Amino acid sequence: MKLYETRQAPNPRRLRIFLVEKGINLKDFEIEQLDLGAGDNLSETFKTKNPMCGVPVLEFDDGRCLSESIAICRYFELTHPEPPLMGDTAEAQATIEMWNRRMELHLLLPVAMAFRHTTGHFADRESVFPDYGADRAGAAIKIFDFLDRHLADRRYIADENYTVADITALVAIDFARVVDIRIGDRPHLAAWHERVSTRPSAGA
Ligand SMILES: N[C@@H](CCC(=O)N[C@@H](CS)C(=O)NCC(=O)O)C(=O)O
């Protein structure tokens with residue numbers, strides 16, 4: 001199997017962390033690094049692998065491809081059930097999905113928009129609205145406040161154990177530093193961040 005990814009980008013990091021948590025060796029994959037800034041992901045060849053042009057992409061040995069980070073994570077959750085990172089009962093699966101979606105829609109996406117619209121990193125392929133970027137940075141900070149309250153009496157975001165929702169939030173929060181959005185004085189969020197950052201997978 002082959003992975004198309006980009007070392008510095010948040011969505012590929014989600015997948016790398018997920019794989020390491022599953023005990024899957026990243027060295028088992030052929031890995032191709034794409035330079036997103038140079039537009040490697042916009043090539044006609046890459047579009048045949050993912051018409052949406054995003055990384056990561058998992059390519060099977062027969063050439064079929066899977067994209068969308070969580071879809072790829074789901075594949076490995078099913079092929080490597082232990083430890084469960086997406087829940088092992090109907091209620092746990094639904095609850096973890098709810099929290100992961102919240103972390104995607106209300107944290108990772110605003111952080112990504114803050115990055116794209118305040119830096120203009122992808123100005124060669126999209127319009128850039130700095131005010132919108134600033135607005136999205138504010139939205140991410142509001143979620144930091146929400147998470148600080150949520151984590152006051154919890155070790156992890158969605159479940160008593162570490163899950164994919166923690167991975168999405170960790171990656172979003174770490175990437176937010178690129179645009180100077182920081183946890184700051186939010187003790188419960190900071191304690192959670194320390195907890196998840198010291199897991200070996202965080203370095204993936
Ligand atoms: N929803 C997709 C998002 C994929 C995505 O947008 N990846 C970013 C990197 S984190 C990308 O490839 N950006 C390149 C571009 O927008 O041109 C997923 O979850 O994998």
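Only a predicted model underlies this, so the values are computations on that prediction, with no experimental measurement involved. (Residues numbered from 1 in each chain as written. Predicted model: local features only at pLDDT ≥ 70, side-chain atom pairs only at ≥ 80, totals over all residues. Heavy atoms only, no water.)

(A) Summary view of the domain arrangement of the protein. Parsing the protein into structural domains produces domain 1 (2–79) and domain 2 (90–203). With centres defined by C-alpha atoms, the gap from domain 1 to domain 2 works out at 20 Å. Each partner contributes residues to the interface: domain 1 has 17 residues there, and domain 2 has 20 residues. For the pair domain 1 and domain 2, the summed buried surface comes to about 1,500 Å²; carbon and sulfur atoms form 58% of the total. Per-residue buried area on domain 1 facing domain 2 is highest for Arg13, Arg14 and Glu21; these three make up 36% of the total on that side. Counting the contacts that link domain 1 with domain 2 gives 4 salt bridges. The salt bridge involving Glu104 is made with Arg14; its shortest N-O contact spans 2.9 Å. At the boundary of domain 1 with domain 2, the tally comes to 8 residue pairs in polar contact (both at pLDDT 80 or more). Going through the elements one at a time, α1 (10–21) and α3 (69–79) are the ones with two or more residues in the side of domain 1 that touches domain 2. (Domains from an automatic or database assignment. Contact = heavy atoms within 4.5 Å. Buried area = accessible area lost by both parts, 1.4 Å probe. Salt bridge = Lys/Arg side-chain N within 4 Å of Asp/Glu carboxyl O. Polar contact = N/O pair within 3.5 Å; in protein donor to acceptor, adjacent residues only side chain to side chain. Helix = DSSP H or I, 4+ residues; strand = E, 2+ residues; numbered from the N terminus.)

(B) Seen up close, the site of the ligand. Around the ligand sit 14 residues, and of these Asn41, Glu68, Ser69, Arg116 and Arg125 come closest. With respect to the ligand, the side chain of Asn11 contributes an N or O atom lying 3.5 Å from an oxygen atom. Ser69 places a polar side-chain atom, nitrogen or oxygen, 2.7 Å from an oxygen atom of the ligand. Within the complex, 78% of the 510 Å² of free accessible area of the ligand lies under protein. No other element matches α1, which puts 4 residues into the shell around the ligand. Split by residue class, the shell around the ligand holds 6 nonpolar, 4 polar and 4 charged. (Near = heavy atom within 4 Å. Areas by Shrake-Rupley, 256 points an atom, 1.4 Å probe, with all protein chains shown as cover. Nonpolar A, V, L, I, M, F, W, Y, C, P; charged D, E, K, R; others polar.)

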